[in-house]
Amino acid sequence: MKDIRLKLTRGFSDAKSEAAYGSLDVPGLGVYTSLERIWNDNVPGKSGVPKGFYTLERHNGSKYTGTYALVGETVAHLPGSGTPRSACVIHWEDDGVYLQGCISIGDSMSWRADTNRSKLIKNRIPSVLAHLEKFDRIYLTIA
């Protein structure tokens, strides 16, 4: 069985955009810019994902399909599992305020003078998801 271990390292936070940017290292593919909501005490739909170790499981929900959900100590794939959070998935969004506890992946972050907010640039999710399909087990560490 083939495994891959991704690492997300958090960096810059923009409170006005409710955005937390970092770097996502995808072995064999490259390092990308990650986008999450800022940390808000793990409140569902309003907070980034807690630091820790996760497995990624294939996800085909009603809102996002063909992606991966994070599964760990405080995060479950599907609701009703007894964990505080569920359905934290990888999907595209360029503005942190619109993410509801999920992770987006792009090329870089820019500041938009017209809105006075930060934005994620260029969707890299399709290429990352295609790469992950080659592996049987996918692990993610968020530091």
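This text follows the structure it describes.
All values reported here derive from a predicted model rather than from experimental measurement. (Residues numbered from 1 in each chain as written. Predicted model: local features only at pLDDT ≥ 70, side-chain atom pairs only at ≥ 80, totals over all residues. Heavy atoms only, no water.)

A. Structural view of the overall build of the protein. Tallying secondary structure elements over the protein gives one helix and ten strands in all. The N-to-C order of helical and strand elements in the protein reads β-β-β-β-β-β-β-β-β-α-β. Here the protein has a C-alpha radius of gyration of 14 Å; the compact-globule value for 143 residues is 15 Å, and the two agree. Its C-alpha atoms give the protein principal-axis dimensions of roughly 45 × 35 × 30 Å. Residues counted as buried form 43% of the 143 residues belonging to the protein. Contacts in the protein between residues far apart in sequence, at least 24 positions, make up 50% of those at least 6 positions apart. Here the protein contributes 18 positively and 15 negatively charged side chains, and the mean placements of these two sets differ by 1 Å. (Helix = DSSP H or I, 4+ residues; strand = E, 2+ residues; numbered from the N terminus. Rg over C-alpha atoms; globule rule 2.2 N^0.38 Å. Buried < 20%, exposed > 50% of the residue type's maximum accessible area, 1.4 Å probe, protein only. Contact = heavy atoms within 4.5 Å. Lys, Arg positive; Asp, Glu negative; His and termini not counted. Charge placed at Lys NZ, Arg CZ, Asp CG, Glu CD.)

B. Representation of unusual backbone geometry. Of note, aspartate 41 is a non-glycine position whose phi angle comes to about 55 degrees, a positive value. Within the element layout of this structure, aspartate 41 appears in the loop between strand 3 (30–37) and strand 4 (52–59). We classify aspartate 41 as exposed; its relative accessible area is 63%. Phi is positive for asparagine 42, which is not a glycine, with a value near 65 degrees. Here asparagine 42 shows up in the loop between strand 3 and strand 4.

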